[in-house]
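Okay, here's what each chain looks like letter by letter:
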Amino acid sequence: MAQSNQAAEKTKVQKKLCFVTIGATASFDALISAVLTPEFFDALREANYTHLLVQYGKEGQLIFNKYMSQRAEQLSARNNIVVQGFGFNKNGLAQEMRSAKGNKGETEGVVISHAGSGSILDALRIAVPLIVVPNPSLLNNHQIELAEELASMGYVVHGKLANLRAAITESEELRRRQKVWPPVNSGEDPSGRGIAGVMDDEMGFVD
Amino acid sequence: MPLVHELKAAILVGILLFVVASLRLLYILPSVRKTCPAPRKRGAPTRLLIVLGSGGHTAEMFAILSKLDTASYTHRSYVVSEGDNFSAQKAIEFEDHLSARLTKLEARSPSQSPSARPPEQKNRQAPGKSPSLNYDITIIPRARRIHQSLWSTPISAVKCLLACFSVLRSPSWTALNSADKEMVAAKATYTYPDLVLTNGPGTAVCVVLACLLLKCVGARGTQNKLRTIYVESWARVRGLSLSGKILVRLVDRFLVQWEALKGVGGGRGEYLGVLV
């Protein structure tokens, strides 16, 4: 009896991280705001998350602090989630993504990312479940196409700002059938060697 | 009276020059007349020029190059836009990774005779030690900065084009000791790049135009060199980027990464699947 309680205790405290990233180029206050809501915290708690890490961009600290203090009471009522934030990591965010993937003794979490191709690619390579949230203030941006296409192929969850709770639920589903990136080659590649074949062609290497 | 004659003659010459230039351009354009590269042996010194862009472009480029065979592409030149600190750093990290991979390979097959090794391995440097003879990084000014006034754009565009010519002519060895013997040999070996690879930052347009101009005038030493490959960004799912639209008929090979773009630019877009 005592032992099973201990085991339950153990699984309960196993770290599970949700990493939110808005990238380095544009600000995305709406996403920072959307993840610092009681509703979103509830969704995280339901899915057994313990940590929330927000990369808020070079100028996002004020926004982050503002929401944290504004909603301090509501959020602290759900204080079993540890919230941290930082501006940007010059060396890339691969390390944060890996910690969302989970180190030894931790549970695999999720990455919530803006629709930047660099961030998406990083997450796909690490094979951590990914929710892509296109920035509505950049609606003419072609990157929304990338999010839609990848979602329809079943590689990512296309998250919407108004309903991130649903995205968290979907990402648990995505985790169960996580596909490996890159996809099996579906193009017409006679050499089967991708870019290396084309480069060798153009160089005139014959062997 | 003679002035009119001279004027007429000048106009005629002008028209003639224009026609000749246009015909020449048509003759060299890859989309009009496809040429086959001359065969060459693997392991000969080759120079690969890689145009890097901002965050996303650069990340994609190094994903594309992750399996690059350094024995076939012995010298790499990276072109970085002014004001982009991130890409140059990424290039150095990538070269360190290549050189670490080579060391691992050597450790696995120590029986390989030194004479059979490609030239790169002989003058390899310790990781993290840039500059190296195996690669160089050049920063070139932007053709047009964001919010730059329109009247000054032609001046900055010309500056950018001149910088492109200079980076094409030879690698920038400035950071190296020019008295070094290997250095002198490398200087003689590497001139115009054999291959130019880009995935679509604004700078790419300048570099490819510079290549075309050099080929158009038939600059000495450009024969069988300056072949261009453009890889449209993975982020472009249903339509080409501006650089892609400009360059689709001007490069030797135009690769796309989504099926919807297959055959764009009058059948030029090749779809080999995802390359990143």
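Everything numeric here is computed off the predicted structure, so don't read it as measured data. (Residues numbered from 1 in each chain as written. Chains lettered and ligands numbered in written order. Predicted model: local features only at pLDDT ≥ 70, side-chain atom pairs only at ≥ 80, totals over all residues. Heavy atoms only, no water.)

Structural notes on the UniProt feature "transmembrane region" (unreviewed entry) in chain B
Listed under "transmembrane region" (unreviewed entry) in the UniProt record, and renumbered for this structure, are residues 7–29 of chain B. Annotation note: span residues 7–29 of chain B, helix share 96%, strand share 0%, distance between end C-alpha atoms 33 Å. (UniProt positions renumbered as here; feature names shortened; annotations may be inferred. Helix = DSSP H or I, 4+ residues; strand = E, 2+ residues; numbered from the N terminus.)

Re helix H4 (residues 61–70) of chain A
Residues and elements named next belong to chain A. Residues of H4 that are buried: Ile63, Phe64 and Tyr67. Here the buried residues of H4 occupy an arc of 100 degrees about the axis, which is enough to place them on one side. Away from the buried face of H4 by more than 90 degrees, exposed residues Leu62 and Ser69 are located. (Buried < 20%, exposed > 50% of the residue type's maximum accessible area, 1.4 Å probe, protein only. Arc of directions from axis to C-beta.)

Considering the pattern of salt bridges
Once their charged atoms are close, side chains differing in charge can pair, the charge on each being opposite to the other. Residues and elements named next belong to chain A. All told, the structure shown has 21 salt bridges over all chains when counted by the stated rule. The shortest N-O distance in the salt bridge between Glu108 and Arg175 comes to 2.9 Å. With Glu108 in strand S4 (residues 107–113) and Arg175 in helix H9 (residues 164–176), the pair connects residues that are 67 residues apart, well separated along the chain. By the burial criterion, Glu108 is buried, and Arg175 matches it. Among the ionic pairs, Asp200 bridges to Arg193, the shortest N-O distance being 2.8 Å. Arg193 gets classed as partly exposed once you look at its relative accessible area, which sits at 45%. (Salt bridge = Lys/Arg side-chain N within 4 Å of Asp/Glu carboxyl O.)

Some remarks on the packing of aromatic side chains
Under the criterion given, the structure shown has ten aromatic pairs over all chains. A centroid spacing of 5.0 Å and a plane angle of 85 degrees characterise the contact between Tyr155 of chain A and Trp181 of chain A, whose relative ring orientation is edge-to-face. In this pair, Tyr155 of chain A is assigned in the loop between helix H8 (143–152) and strand S6 (157–158) and Trp181 of chain A in the loop between H9 and helix H10 (195–203), connecting sequence segments 26 residues apart. Its relative accessible area of 7% is what places Tyr155 of chain A among the buried residues. Of the residues examined, Trp181 of chain A reaches a relative accessible area of 8% and is grouped as buried. Following the ring pairs from residue to residue traces out a cluster consisting of Tyr155 and Trp181 of chain A together with Trp234 and Trp258 of chain B. (Phe/Tyr/Trp six-rings, centres within 6.5 Å; stacked < 30°, edge-to-face > 60°.)

A few points about a nonpolar patch on the surface
All names here are of chain B. Together, Leu7, Ile11, Ile15, Phe18, Val19, Leu23, Leu26 and Val32 give the surface a local cluster of nonpolar side chains, amounting to about 810 Å² of exposed area. Note on placement: Leu26 falls in helix H1 (residues 2–28). Residue classification places Leu26 among the partly exposed residues on the basis of a relative accessible area of 46%. (Patch = residues over 30% accessible without salt bridge, like charges linked within 9 Å, V, L, I, M, F, W, Y side chains within 5 Å. Areas by Shrake-Rupley, 256 points an atom, 1.4 Å probe, with all protein chains shown as cover.)

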